[in-house]
Every structure is written in C-alpha cells, then in structure tokens.
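Summary of the model geometry
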Amino acid sequence: MLAQTRMMVKWLCFVSCLFSVNVWGDVAEFESALLTDIKLLADDRMQGRKTGHPGAELARRYIEQRYQQLKLLPIQEKGFRQVFSYSSGFTEKKGMNVIGWRQGCVHPSSYVVITAHYDHLGMYGSRVYNGADDNASGVATMLALAALLGQNCPAYSYIFAATDAEENGLYGAKALLRHFPVAAEHILLNLNLDMLSRGERSNQLYVYGARSLPGVSEFFKQRSFAVKIKLRRQGRQQGQSGTDWDNASDHAPFRRAGIPFLYFGVDTHADYHSINDDWQRIDSDFLQRMFSSLSQVLLWLDQQPPEWYQAARKS
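Below or above, wherever it landed, is the structure these notes cover.

Criteria and cut-off values
- Residues numbered from 1 in each chain as written.
- Predicted model: local features only at pLDDT ≥ 70, side-chain atom pairs only at ≥ 80, totals over all residues.
- Heavy atoms only, no water.
- Helix = DSSP H or I, 4+ residues; strand = E, 2+ residues; numbered from the N terminus.
- Buried < 20%, exposed > 50% of the residue type's maximum accessible area, 1.4 Å probe, protein only.
- Core = buried A, V, L, I, M, F, W, Y, C linked by side-chain atoms within 4.5 Å.
- Contact = heavy atoms within 4.5 Å.
- Expected span 1.5 Å × (residues − 1).
- Polar contact = N/O pair within 3.5 Å; in protein donor to acceptor, adjacent residues only side chain to side chain.
- Patch = residues over 30% accessible without salt bridge, like charges linked within 9 Å, V, L, I, M, F, W, Y side chains within 5 Å.
- Areas by Shrake-Rupley, 256 points an atom, 1.4 Å probe, with all protein chains shown as cover.
- Salt bridge = Lys/Arg side-chain N within 4 Å of Asp/Glu carboxyl O.
- Lys, Arg positive; Asp, Glu negative; His and termini not counted.
- Charge placed at Lys NZ, Arg CZ, Asp CG, Glu CD.
- Axes fitted to C-alpha atoms, helices over the stretch in contact; angles between N-to-C directions.
- Parallel < 35°, antiparallel > 145°, perpendicular 65-115°, else oblique.
- Left-handed = near helix turned anticlockwise from the far one by under 90°.
- Nonpolar A, V, L, I, M, F, W, Y, C, P; charged D, E, K, R; others polar.

Structural notes on the overall build of the protein chain
Scanning the protein chain from N- to C-terminus turns up nine helices and eleven strands. With 315 residues in all, the protein chain has 57% of them scored as buried.

As structure tokens, this is what we get:
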C-alpha cells in the first residue's frame, strides 16, 4: 500500500508539471491538452479505472487537479467528490463522482450539466483495459470544454460531472441526479460525452436526443461542421450493436426525468471494450475536428434563452 501511495504521489507531481503553465489561447492549445488528458487517463498506471479499485482513485485525483487548474469550483461543501452506494447482486458497493462548476453571468441560477464517465473495465490478470476512447476521450473533452467556457463568462452556469460506475449500470449518473447539488428544476440540459475520439470509416460523430429540444435537428442539418454529424433516431437501432440508445449511457437518468439531453459519441468499433482501446489508436485528426464541432454546438446552445429549454421539459 505504501509503495502504491508513493507511485500516486510521483505520478500526480508529474501531471502537475505538465499543466503548470495553464494558459489557454487558440484552438490548438485546447486540442493539445485534450490529447494529453486522454493519454494520461488511459495510461497503464491508471489500471483501467475500474470502480472501487486503486486506478479509479488515481483518476479522481487527476481530474480534481485538472478542475483546480481550470479554476472550477466545488459545488458541495465536501469538495469535488460525491460518494454514493449501489447494489451489485448481493454486494453493496461505493462509487465517487467528481463534480466541479463554473458560474454563468447572465442566467447564473440555470444550469447545463456536462457528464462523462471516467470508469472503465480495469484489469483482468495482467491485461489492462485502458479505455482510451471509452471513456478517457469523453472526460478529456469535458475538461477542454470547461477551459473553453473559461475564456469568457458563459450565459449559464455549468456543472462538470465525471461520473463513476457507468459500466456497472449508470449508477454514478443516477446518484448525481438523485442527490443533485442544485434543485432539479434549474437543470436546463444534459450534454453527455461518451466515446469521441475515433471516427473510423464512417468518420461521423453521432448525436442522440436532438428531438428533446425543438429546432436542434434543424440546427445540425443547416450548419457546417468540421466533422460529419449524424442524428440518431429514437430507440433501439439495427446494425452492428443493436444498441438501446435511450439507455446506453449517462444521459438516460436525465431523459427519464424529462430533462432535455444531447448525447455525443462515435459508433462502436473493433476495439470497444477490448485491451486494444489504447490512446495510440485514437484518430488525432478526427479528435481535433470533433472538438471544433462540439465547441460550435456548445457556444450556440449557450446563446439560447432559458424559456426555450424550460418549454422542452417533460413532466
């Protein structure tokens, strides 16, 4: 245990040096930090970030340090961490979400919640499931968007939630919404980021939930983006995975609560949930174009009036 603690301290000191100069300027700087975050979160020393294991603790410390560097604030008195319990079979387990926020300047009491799960599958024997695309890429993109919103004060307040235990059954997102640090009626939108770094042959970024907000589908169809954006239809889709996109990731509890949501992700690929989901297989060109496109979407959403969001809520 002592050796493991020393390893964590040494690793975090290394990370601190990487980001000691926290100056965000042009898009290239956002993209550089984005790739660095993915590499570090998907490093073997994170041990696959499995819920309840030492690698997940190392990931939490890393995310907390990045929140501090980005000048995000804890939204709870106890700091960035939200501890929760859940049942897995006959076993009671614990997870920890990592939550920071940035206050808006026009509508500070209205919140956009950006979620990305940081947990993955851990280790099986000596094999490490690093989860670079799933979902170090989502967490890294969330951090890059937090940096983007720090350049100029956004209209809305933003909550950034790195969720735990998504792989086990979306338990982190369920706990986040069940014990939310602000009243649920003040949540305007959930942006959920899950697998964003590999366009594969289709070279597409998928969006699910566009129908939860009037006019969003038209926005995606009429604007030009650096990456191909494809709108997913509601419900289970035929094809490679037959995935139930309603409940595929951390947007599901928000959807069930009637809160508008947009889920961004790529399609499943050959390395999904395999030991080959490493940062070396990331398409850096697609990653850059994805972030440029997602930034364009986020800044447009920040300009929309709160009445637009409230009218889209379902009881």
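Overview of the nonpolar core
Counting residues in hydrophobic clusters, the biggest one holds 69 residues, and the most contacted among them are Y67, F160, L191, L193, F264, M290 and L301. Among the elements that line this core, the one with the most residues is helix α4 (residues 132-149), at twelve residues. Excluding its chain neighbours within four sequence positions, the residues that come into contact with L193 are I114, T115, A116, H117, N135, G138, T141, M142, L145, F264 and L294. I75, I99, A161 and L177 belong to the second largest nonpolar core, which has 14 residues in total.

Regarding helix α8 (residues 284-302)
Between its first and last C-alpha, α8 extends 27 Å over 19 residues, near the 27 Å set by a 1.5 Å rise per residue. Here α8 starts with a cap whose side-chain oxygen sits 3.2 Å from the backbone nitrogen of D285, and that cap is D283.

Concerning a positive patch on the surface
A contiguous patch of positive charge on the surface is contributed by R211, K221, K230 and R233. Assignment of secondary structure puts K221 in helix α6 (residues 216-222). Judged by its relative accessible area of 66%, K221 is exposed.

Description of the packing of α4 against α8
Running from amino to carboxyl end, α4 crosses α8 at an angle of 50 degrees, the nearest separation of the two axes being 11 Å. Accordingly, the angle class assigned to the pair α4 and α8 is oblique. Of the two elements, α4 crosses α8, and the hand of that crossing is right-handed. Of the residues in α8, those in contact with T141, A144, L145, L148 and L149 of α4 are M290, F291, L294, S295, L298 and L299. Of the residues assigned to the contact of α4 with α8, the class counts are nine nonpolar, two polar and no charged.

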